[in-house]
Amino acid sequence: MMQDLTDYADRHSSPQPEYLNNLERRTNIHLINGRMCSGHLQGRLLKMLVSMIRPKRVLELGTFSGFSALCIAEALDDDAILDTIEIDDELEDFIQDSFSRSLHGSKIRLHIGTAESLLPNWTDRTYDLAFLDADKRRYCEDFDLVFPLIRHGGYIFADNTLWDGHVINPAKANDPQTKGIMAFNEMIRSRTDLEAVMIPLRDGLTLIRKF
């Protein structure tokens, strides 16, 4: 039933640009774990939310094939910029090719490396929005690196916070990635310097606003 409803919602949401259709196909054909691609429904939600917030500076952790970055960039004004960080240097050519196929790719700056090696050097930067979608085992640590860079009143979107339902499956409780997501969810729930809402869309998306 849930998958049927998701499919219904997908069919009744606005279509995505053809270059994103092509990228989604290329991601699933050429990359391992193609299901990590955000996909049509979540991509359109990201684009809508960014259109509403109108950020000037956006940070993304976990570029993968570049799909989510392009959905965000689609909604950015021409003078806005998205810094996206990807740890896998073997994806660099694929990502840059993905960006080159879109009119919005020029709004994106790709950084190859880890959040822990790059973000401590960016203390002079302030972001209006961040999209957290990197190593699930490090969600708490990455959040602690990102949070000081977000302006008061700014937003963080955390992907995969339901982790394919594993967060309520005792059989998965000792899996390192599941443990990372569960620890992150509990940390967010306990903090008083933000507000959050978890949306049961796809693999779970938590919207966080910094006070």
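Reference entry: report on the structure contained in this document. (Residues numbered from 1 in each chain as written. Predicted model: local features only at pLDDT ≥ 70, side-chain atom pairs only at ≥ 80, totals over all residues. Heavy atoms only, no water.)

Remarks on the packing of aromatic side chains
So, step 1. Following the criterion strictly, the structure yields three aromatic pairs and no others.
So, step 2. Seen in terms of ring centroids, Phe 143 and Phe 184 are 5.8 Å apart; in terms of plane orientation they differ by 70 degrees. Their pairing is edge-to-face. Linking Phe 143 in helix α7 (residues 139-146) with Phe 184 in helix α8 (residues 176-190), this pair joins segments that are 41 residues apart in sequence. Each member of the pair, Phe 143 together with Phe 184, is buried.
So, step 3. By the ring-pair criterion, three or more aromatic residues cluster together here, those being Tyr 139, Phe 143, Phe 147 and Phe 184.
So, step 4. Of note, Arg 26 hangs over the ring of Phe 94, and the distance from its end group to the ring centre comes to 4.4 Å.
So, step 5. The ring centre of Phe 147 lies 4.6 Å from the NZ or CZ of Lys 210, which sits over that ring. (Phe/Tyr/Trp six-rings, centres within 6.5 Å; stacked < 30°, edge-to-face > 60°. Helix = DSSP H or I, 4+ residues; strand = E, 2+ residues; numbered from the N terminus. Buried < 20%, exposed > 50% of the residue type's maximum accessible area, 1.4 Å probe, protein only. Lys NZ or Arg CZ within 6 Å of the ring centre and 35° of its normal.)

Some points on the pattern of salt bridges
So, step 1. Counting across every chain of the model gives 20 salt bridges.
So, step 2. Salt-bridge contacts for Asp 83 lead to Arg 57; the nearest nitrogen and oxygen are separated by 3.5 Å. Of this pair, Asp 83 sits in strand β2 (residues 81-86) while Arg 57 sits in strand β1 (residues 57-61), placing them 26 residues apart in sequence.
So, step 3. Here Arg 57 falls in the partly exposed class, since its relative accessible area comes to 25%.
So, step 4. Taking the shortest distance from any N to any O, the salt bridge between Asp 97 and Arg 101 comes out at 2.9 Å.
So, step 5. A residue is classified by how much of its surface remains accessible, and Asp 97, at 27% relative accessible area, is partly exposed. (Salt bridge = Lys/Arg side-chain N within 4 Å of Asp/Glu carboxyl O.)

Bear in mind that shape data such as this cannot, by itself, settle questions of function.
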